[in-house]
Amino acid sequence: MEKIVETTDEWILKRTGISERRILEEGKPIYSMAVEAAKQALIDSGVSPEEIDLILVTTSTPDYLTPNTSCIVQKEIGAENAAAFDLVAACSGFIYGMTVAQQFIETGYYQNVLLVSSEGMSKAIDWQDRKNCVLFGDGAGAVVLGKVEKGYGILSTYIGSDGAAGESITIPCLYMPNEELEKRKNFKNKASIWQDGQEVFKFAVKIMPMATEEVIKKTDVKLEDIRYIIPHQANMRIIESAARRLGVALEKVYTTIKRFGNMSSASIPVAMADAYSKKCLKKGDNLVVVGFGGGLTWGSALIRWSK
């Protein structure tokens, strides 16, 4: 990073907590990560592609507007019986996707939903923008959602938005007004992500504790009963500040930001997969996943691990 932009490893680590990030190799589509994550989730769940009823993909960086990424995943994994659509809620996308999937399953409309979050943030940044380019990495995570024994799985969700503050984080697509161009006047990549760092920081450290408390309130679970809080991996300073507001020790906050950086909506499922692979989760553990992102959006889910 020091060779790419005017910065130092010491500054990045101190300000963000990030020391590594993964970047998708040149010429590879972002959907390729979604496909690999989907295949691994199917193996872990023991559900075949033919048994998937619905594919939801969350991404702010699709390769195409159409076909949508979920339809490409459907083709690549052979889920011929599945409906498929994409969902955009920026970094909150995975939690929005869980909330949508939960409704389909609880009403009996669908039995098995494949939820994939895949983000190629390296394609959406300007490498001259030293405030933002050091934050983001590429990656994908996926889960298969279906019915589990009573008392386990998703116990509650909470989602919200504030469109009035949406200009705090923007990625242009087919339309770019003059004010958006002005924000990026010194960028090579005019269609890159732009954010008001101070406003986003203030929003994040307020909304993450609030969303955690709100999702727990809906159940008889107490904060002290939570095994891990798995937050959106945006910035370590945000995570630490939110934990202090919530009164939770950092040992109870599961982070992967140091190794992967900010992967937008993929951050939470990748962190869940990381905790699962390291055998940090056991049956009956209560988890809160909580995130925030562009829109502005936020969301949280309380999950009782059932494996």
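Residues numbered from 1 in each chain as written. Predicted model: local features only at pLDDT ≥ 70, side-chain atom pairs only at ≥ 80, totals over all residues. Heavy atoms only, no water.

In a beta sheet, neighbouring strands pair by backbone hydrogen bonds and run either parallel or antiparallel. Across the sheet, four strands lie side by side as β5-β10-β9-β8; this open sheet has mixed pairing. The open sheet has two edge strands with one neighbour each: β5 (153-161) and β8 (226-231). Put simply, the sheet's adjacent strands are angled 10° from each other on average, direction ignored. Strand direction decides the pairing type here: strand β9 (residues 286-293) and strand β10 (residues 297-304), joined by eight bridges, are antiparallel. Pairing of N286 across the sheet is with R304, part of β10. (Pairing = 2+ DSSP bridges. Helix = DSSP H or I, 4+ residues; strand = E, 2+ residues; numbered from the N terminus. Axes fitted to C-alpha atoms, helices over the stretch in contact; angles between N-to-C directions.)

Under the defined criterion, the tally for this structure stands at zero disulfides. The thiol sulfur of C133 is not disulfide-bonded, and the nearest other cysteine sulfur, from C91, lies at 16 Å. Among the residues examined, C133 registers a relative accessible area of 0% and is labelled buried. The closest cysteine sulfur to the non-disulfide-bonded C173 is located on C91, 17 Å from its own sulfur. (Disulfide = S-S within 2.5 Å. Buried < 20%, exposed > 50% of the residue type's maximum accessible area, 1.4 Å probe, protein only.)

To continue, consider helix α2 (residues 31-45). At 3.6 residues per turn, the α-helix brings residues three or four places apart onto the same side. Taking 1.5 Å per residue, 15 residues should reach 21 Å; α2 reaches 21 Å between its end C-alpha atoms and fits that length. When α2 is considered as a whole, its buried residues turn out to be S32, M33, A34, V35, A37, A38, A41 and L42. Buried residues along α2 sit against α3 (69-77), β3 (113-120) and β4 (138-145). Positive phi appears at G46, one or two residues downstream of α2, with a value of about 75°. (Expected span 1.5 Å × (residues − 1). Contact = heavy atoms within 4.5 Å.)

Before going further, it helps to spend a moment on the packing of helix α6 (residues 197-217) against helix α7 (residues 236-246). Relative to each other, α6 and α7 sit at 45°, their axes nearing to 9 Å. With respect to their mutual orientation, α6 and α7 come out oblique. The two elements α6 and α7 meet at a crossing, and its hand is right-handed. Across the interface between the two elements, F201, A204, V205, K206, M208, P209, T212 and E213 from α6 touch R237, I238, S241, A242, R245 and L246 from α7. For the contact of α6 with α7, the per-class residue count stands at eight nonpolar, two polar and four charged. (Parallel < 35°, antiparallel > 145°, perpendicular 65-115°, else oblique. Left-handed = near helix turned anticlockwise from the far one by under 90°. Nonpolar A, V, L, I, M, F, W, Y, C, P; charged D, E, K, R; others polar.)

Bringing the pairing of β9 into the picture now. Of all eight residues in β9, eight are buried, a share of seventy percent or more. Across the two faces of β9 the burial is the same, with N286, V288, V290 and F292 and L287, V289, G291 and G293 all buried. Pairing geometry for β8 and β9, over five bridges, is parallel. Bridge pairing in β9 links I229 to V288. Between the end of β9 and the start of β10, which pair antiparallel, lie three residues, with G295 showing a positive phi angle near 140°.

For the rest of this paragraph, the subject is the sheet that holds β4. Strand order in the open sheet formed by four strands is β2-β1-β3-β4, with mixed pairing between adjacent strands. Looking along the sheet, the strands with just one partner apiece sit at the ends: β2 (83-87) and β4. Strand-to-strand, the axes of this sheet are offset by a mean angle of 15°, without reference to chain direction. Across eight bridges, β3 lies against β4 in antiparallel orientation. Note on β4: the bridge partner recorded for G120 is D138. Its contacts with the sheet place α2 against β3 and β4, and it is angled at close to 35° to β4. Packed onto the sheet, α3 meets β1 (54-58), β2 and β3 and runs at close to 130° relative to β1.

Once that is clear, we can look at the side chain of N68. On the secondary structure map, N68 appears in the loop between β1 and α3. By relative accessible area, which is 19% here, N68 ends up buried. Within polar-contact distance, the side chain of N68 engages the side chain of S70 at 2.8 Å. Ignoring any residue separated from it by four or fewer positions in sequence, one finds N68 in contact with A84, F85 and D86. (Polar contact = N/O pair within 3.5 Å; in protein donor to acceptor, adjacent residues only side chain to side chain.)

Right, let's talk about the packing of aromatic side chains for a bit. All told, the structure shown has seven aromatic pairs when counted by the stated rule. Pairing F203 with F292 gives two aromatic rings, centres 6.1 Å apart and planes at 80°, and the pair type is edge-to-face. Here F203, found in helix α6, pairs with F292, found in strand β9; they are 89 residues apart in sequence, far enough to count as distant. Each member of the pair, F203 together with F292, is buried. Their ring planes at 50° and their centres at 6.0 Å tell us that Y276 and W305 sit as a pair that is tilted. Here Y276, found in helix α9 (residues 267-277), pairs with W305, found in the segment after β10; they are 29 residues apart in sequence, far enough to count as distant. (Phe/Tyr/Trp six-rings, centres within 6.5 Å; stacked < 30°, edge-to-face > 60°.)

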